[in-house]
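An overview of the molecular structure
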Amino acid sequence: MTVTATPCIKDGRLLVNGKVVSNGVPPNIVVSPVAGGSAFLGANSSIPSCRHTFNLGILEEMKFLSLFKFKLWWMIPRVGKSGSEIPIETQFLLLEAREESALCDENSSEPTNENTFYILLLPVLDGPFRTSLLGTPSNELHFCVESGDAFLQTTQTSEAIFINSGNNPFELIKSSIKILERHKGTFTHIEHKKIPGHLDWFGWCTWDAFYKDVTPRGIKEGIQSLLEGGCPPKFLIIDDGWQETANEFHKDSEPLIEGTFVGESDFATRLVDIKENSKFRGTGSCVDLHELITFVKEKYGIKFIYMWHALVGYWGGVLPSSEKMKKYNPKIVYPRQSPGNVGNLRDIVIDSLEKYGLGLIDPEKVCDFYNDLHSYLASCGADGVKVDVQNVLETVGAGYRGRVLLTRKYQYALEQSIVRNFKDNSIICCMSHNTDSIYSSKKSAVARASEDFMPREPTFQTLHVAAVAFNSLFLGEIVVPDWDMFHSKHETAEFHAAARALGGCAVYVSDKPGIHDFKILQKLVLPDGSILRARRAGRPTRDCLFTDPVMDGKSLLKIWNLNKFSGVIGIFNCQGAGHWPLKQPYAESTPSIFGHVSPLQVEYLGEVAGDNWNGECAVYVFHSGSLLRLPMRGAIDVSLASVQCEIFTIAPVRVFNQSLHFAPLGLLDMYNSGGAIEALSCTMEPSGCKVKIIARGCGRFGAYTNTQPRYCTVDLKEEEFVYNADDGLLTVKLGGECNFREIEIVY
């Protein structure tokens, strides 16, 4: 059943599918139907302004999930039940509409029922105006429309909030983004973008290894160190620290911040030249950037090298007095944050730029800047770029036709330069969580999904994993979410590694040379440097959408994904190890938290199950190595201590020849074991039934079967196997080269 009732306002009530969303809606709110039962909400005012706030009525007793910008650059989730709990700068709002008869045990494995549906409100871009949602102490839901330029004013907005509803929250989000893609034409859904090749390979980033002290020697040592441990990186990010910059404001007395910047004024450092700095020129270990890139590719087999830069050149922009920068006509501008940003968490970067100014490239010259920079990097052998500090443009829209159009002009220039200079849509966007950027993303296919991994902040680790999972509900429809680097040798290394294994994302670390945990890395990385990447963005299971897995003291975070022939669920205890910014702790976590995992929690599992599926699943538990057979609605009880996790491979059981029950599990010693399976078929021969599997990688390959086979072959050579009749686990050793293997199981 699909909910298609178009939203409307009747007697001062906002109604969706007959459900009252809010009461006391003022008469200046207007509804404009779009497609498939969706609509836009807009409003009129008698007074022109560059920033309006409109009332959508009182919202009470309805579970919600908000994704909001808690600081200028990044979003985090917030859950609640009333309008007063909805944060300022909300950019995504999902409501659960549940009839009284649909109330059920919250611990049930049922994710929903036919009397429950979901309502999605997406504040979008309306011409040069950007919209966000916010609640008030009186439970009113407001929306704010702003241009970021005092001289760009309006009295009305007709397409400020997109509203839609449906029974499946994941399908609702996807279809809504696709409707907006067609209607607005300013951005592109992820299904219509070219996906960069680096995502399927293990990588290493220099940032947390060296911060800005990165050198050619350190880069070589870092790659060599991983190679020697049997985990060869195939993509490399040379992060901040390679560019030629200058700082006119630095004081020696300024304190060290996170080992990365010497103080507030360091964020006002500006770009002097598009070429590399002296550390990468004429040293004993490096003639220039071209020589370094050529060396690491040829010696270490690196496939992709990305170079870091900020959207505006560097953190503080470009230096107007630099002879190399004058051709781009830069000038110093002083950022001004919106009341929404100031109302949440202030950030030292933008506070610094408000004080010292930003060297902004003339928007009419930014195409030239990006082309010059990227063509130079390409000539040195670089394959792409990581582009940081993107949201800064929302603060400097005054005099440039506002924040939305300025962002769109820079985004267009950036993406055109990527197409012109690099072969593989090779860009990672970063610090770009405002809707100005999100709804202007036409080509960029990868973006960071949360604030940085911070190895020195023990209370940030669980927040990082939870934030990425929830943000991916929204971002995952427009980009491949990037979970950021992590340290393989860290108190929370396995927690991060497991999350990335089922995130559908790139897997890369930022280990210091010689400081690694290869036992963890070898569960992520195959010996050839490839990874077993899941097919979609890893997102919370349906029963987790309106819970707080970080601070409510009782909820576990479950993340689901799909492989070609199976599903996967990771379950994480994020409680008791930190608390969300702007929110005080309100519940003590117990030593262990109990939950359950069910095959029903893997969305779209039927799409990969095949025609022979009998509705049951083989469930392999990674850490215990146990195998269970469950009906679709069956469940496994789980108990986890704080910062512990478990991964479950959910493999649909196929029935061949009426009596053979079979489910391939994959490489049992890899976190995402099912990602190793590329093809599956079964043929009937006079001598019996033969199951053929194409698998990738090496190690222990496992499958569930209710019958012991007569023999197994790998690449046409008979191999020994082990079969456990108690649980049906069949294992075969895949040795030799780490490539595609043909496994035949003969009955």
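Residues numbered from 1 in each chain as written. Predicted model: local features only at pLDDT ≥ 70, side-chain atom pairs only at ≥ 80, totals over all residues. Heavy atoms only, no water.

Stated formally: UniProt positions are given in the numbering used here, feature names are shortened, and annotations may be inferred rather than shown by experiment.
You'll find the protein entered in an unreviewed UniProt entry as galactinol--sucrose galactosyltransferase, with Actinidia rufa given as the organism. Among the UniProt annotations of the protein, the heading Catalytic activity (unreviewed entry) holds the following wording: "alpha-D-galactosyl-(1->3)-1D-myo-inositol + sucrose = raffinose + myo-inositol". Turning to the protein, the UniProt annotation filed under Sequence similarities (unreviewed entry) states: "Belongs to the glycosyl hydrolases 36 family."

**Considering the sheet that holds strand E43 (residues 740-746)**
Filter applied, for reference: DSSP-based pairing: two strands are paired if at least 2 bridges between them are found. Secondary structure follows DSSP: runs of H or I at least 4 residues long count as helices, runs of E at least 2 residues long count as strands, and numbering of each begins at the N terminus. All axes here are fitted lines through C-alpha atoms, helices being fitted over the stretch that makes contact, and every angle between N-to-C directions spans 0 to 180 degrees.
Within the open sheet, the 5 strands sit side by side as E36-E37-E43-E39-E40. Their pairing is antiparallel. Pairing within the sheet leaves two strands with one partner each, and these edge strands are strand E36 (677-685) and strand E40 (717-719). With direction set aside, neighbouring strand axes in the sheet form an average angle of 25 degrees. Here strand E39 (residues 711-714) runs beside E43; their pairing, made up of 4 bridges, is antiparallel.

**Notes on the domain arrangement of the protein**
Worth spelling out the cut-off: As used throughout, domain bounds are those supplied by an automatic or database domain assignment. Contacts are residue-level and defined by heavy atoms, with any inter-residue pair within 4.5 Å sufficient. We define buried area as the total accessible area lost by two parts upon association, computed with a 1.4 Å probe and summed across both. Each salt bridge in this description consists of a side-chain nitrogen of Lys or Arg and a carboxyl oxygen of Asp or Glu lying within 4 Å of one another. Side-chain atoms alone can form a polar contact between residues adjacent in sequence; in general such a contact is a pair of N or O atoms within 3.5 Å, and within protein one must be able to donate a hydrogen while the other accepts it. Gly falls in the polar group here, along with every residue not listed as nonpolar (Ala, Val, Leu, Ile, Met, Phe, Trp, Tyr, Cys, Pro) or charged (Asp, Glu, Lys, Arg).
According to the domain assignment, the protein contains domain 1 (8-99 + 115-185), domain 2 (242-289 + 308-444) and domain 3 (545-746). Computed over C-alpha atoms only, the centres of domain 1 and domain 3 are separated by 39 Å. At the junction of the two partners, domain 1 supplies 17 residues and domain 3 supplies 11 residues. Of the roughly 1200 Å² buried between domain 1 and domain 3, counting both surfaces, carbon and sulfur atoms make up 71%. Three residues, Arg78, Val79 and Phe170, lead the burial of domain 1 against domain 3; their summed loss comes to 42% of the area buried on that side. Applying the counting rule to domain 1 against domain 3 returns 0 salt bridges. For the pair domain 1 and domain 3, the number of links is 2 residue pairs in polar contact (both at pLDDT 80 or more). If you list the elements that add at least two residues to the side of domain 1 that touches domain 3, you get strand E7 (64-69), strand E8 (75-80), strand E9 (90-98) and helix H1 (169-184). Here the residues of the side of domain 1 that touches domain 3 sort into 12 nonpolar, 1 polar and 4 charged.

**Some thoughts on the side chain of Ser432**
The residue Ser432 is located in the loop between strand E23 (427-429) and helix H9 (435-438) in this model. Ignoring sequence-local partners within four residues, the contact set of Ser432 consists of Trp73, Gln390, Asn391, Ser437, Ile438 and Ala447.

**Section: the packing of helix H7 (residues 366-379) against helix H8 (residues 402-421)**
Here is the rule we go by: Every angle not falling under 35 degrees, over 145, or within 65 to 115 is termed oblique; those three ranges are roughly parallel, roughly antiparallel and roughly perpendicular. The handedness criterion is simple: a crossing whose near helix is rotated anticlockwise from the far helix by less than a right angle is left-handed, and one whose near helix is rotated clockwise is right-handed.
Closest axis-to-axis distance for the H7/H8 pair is 9 Å, and the angle between their directions is 30 degrees. Viewed along their axes, H7 and H8 adopt a mutual orientation that is roughly parallel. Where H7 crosses over H8, the handedness of that crossing is right-handed. Together, Val366, Cys367, Tyr370, Asn371, His374, Ser375 and Ala378 of H7 and Tyr410, Ala413, Leu414, Ser417, Ile418, Arg420 and Asn421 of H8 make up the contact between the two elements. The residue inventory of the contact of H7 with H8, partitioned by class, reads 8 nonpolar, 5 polar and 1 charged.

**Description of the nonpolar core**
Nonpolar side chains in soluble globular proteins generally cluster together in the buried interior. As a reminder of what qualifies: Only buried Ala, Val, Leu, Ile, Met, Phe, Trp, Tyr and Cys residues count toward a nonpolar core, and they belong to the same one when joined by side-chain atoms within 4.5 Å. Only protein chains enter the accessibility calculation, which uses a 1.4 Å probe; a residue whose area is less than 20% of its type maximum is buried, one above 50% is exposed, and one in between is partly exposed.
Counting residues in hydrophobic clusters, the biggest one holds 163 residues, and the most contacted among them are Phe92, Ile219, Phe369, Leu377, Tyr410 and Tyr439. Looking at which element gives the most residues to this core, the answer is helix H10 (residues 461-475), with 10 residues. Leu14, Ile29, Met62 and Leu93 belong to the second largest nonpolar core, which has 28 residues in total.

**Structural notes on the state of the cysteines**
Disulfides are covalent bonds that connect the sulfur atoms of two cysteines. What counts, and what does not: Disulfides are defined in this document as cysteine sulfur pairs within 2.5 Å.
Tallied over the entire structure, the rule returns 0 disulfides. Cysteine Cys231 remains unbridged, with the sulfur of Cys738 as its closest cysteine sulfur at 11 Å. By relative accessible area, which is 0% here, Cys231 ends up buried. The closest cysteine sulfur to the non-disulfide-bonded Cys430 is located on Cys429, 8.8 Å from its own sulfur. Cys430 sits in the buried class, given a relative accessible area of 1%.

**Quick look at the packing of helix H3 (residues 216-228) against helix H4 (residues 289-300)**
When two helices pack together, their arrangement is captured by the angle between the axes and the distance separating the axes. One can describe the packing of H3 onto H4 by two numbers: an axis separation of 11 Å at closest approach and a directional angle of 15 degrees. Classified by the interaxial angle, the pair formed by H3 and H4 is roughly parallel. The element H3 and its partner H4 pack so that their crossing is right-handed. Facing Pro216, Ile219, Lys220, Ile223, Gln224 and Leu227 of H3, the residues of H4 in contact are Leu292, Phe295, Val296, Lys299 and Tyr300. A per-class count over the contact of H3 with H4 returns 8 nonpolar, 1 polar and 2 charged.

**Let's talk about the pattern of salt bridges**
Summed over the entire model, instances satisfying the criterion amount to 43 salt bridges. Where Lys178 meets Glu191, a salt bridge forms, and the shortest distance between an N and an O atom there is 2.6 Å. Of this pair, Lys178 sits in helix H1 while Glu191 sits in the loop between H1 and strand E15 (202-205), and the two are 13 residues apart along the sequence. Overall, the relative accessible area of 44% leaves Glu191 in the partly exposed class. Across the pair Glu354 and Arg346 runs a salt bridge whose closest N-O atoms are separated by 3.1 Å. Overall, the relative accessible area of 25% leaves Glu354 in the partly exposed class. Given a relative accessible area of 38%, Arg346 falls into the partly exposed group. Via salt bridges that share partners, Arg51, Lys69, Glu89, Arg130, Glu146, Glu394, Arg403 and Asp436 belong to a single interconnected network.

**Examining unusual backbone geometry**
We note that Val643 has phi near 60 degrees; this positive angle belongs to a residue other than glycine. The backbone of Asp715 sits at a positive phi, close to 50 degrees, despite the residue not being glycine.

**A word on the environment of Ala679**
With respect to the helices, strands and loops of the structure, Ala679 is situated in strand E36. With 145 residues separating them along the chain, Ala679 and Ala534 place their C-alpha atoms 15 Å apart. Once you skip the residues sitting within four places of it in the chain, Ala679 turns out to touch Phe565, Lys692, Ile693 and Ile694.

**Description of the packing of aromatic side chains**
For the record, the criterion: Here a pair means two rings of Phe, Tyr or Trp (six-membered ring of Trp) with centres within 6.5 Å. Their orientation is stacked below 30 degrees between planes, edge-to-face above 60, and tilted elsewhere.
Scanning the entire structure with this criterion turns up 22 aromatic pairs. Between Tyr118 and Phe546, the ring centres sit 6.2 Å apart and the planes meet at 5 degrees, which makes this aromatic pair stacked. Separated by 428 residues along the polypeptide, Tyr118 in strand E10 (residues 116-123) and Phe546 in the loop between strand E27 (539-540) and strand E28 (557-562) bring together distant segments of the chain. We note that Tyr118, like Phe546, is buried. Seen in terms of ring centroids, Phe249 and Tyr356 are 4.7 Å apart; in terms of plane orientation they differ by 40 degrees. Their pairing is tilted. With a gap of 107 residues between them, Phe249 in the loop between strand E17 (243-246) and strand E18 (270-276) and Tyr356 in helix H6 (residues 348-356) connect regions that are remote in the sequence. Its relative accessible area of 25% is what places Phe249 among the partly exposed residues.

**Some details on the environment of Cys367**
Positionally, Cys367 belongs in helix H7. Residues Cys367 and Asp266, 101 residues apart in the sequence, show an inter-C-alpha distance of 27 Å.

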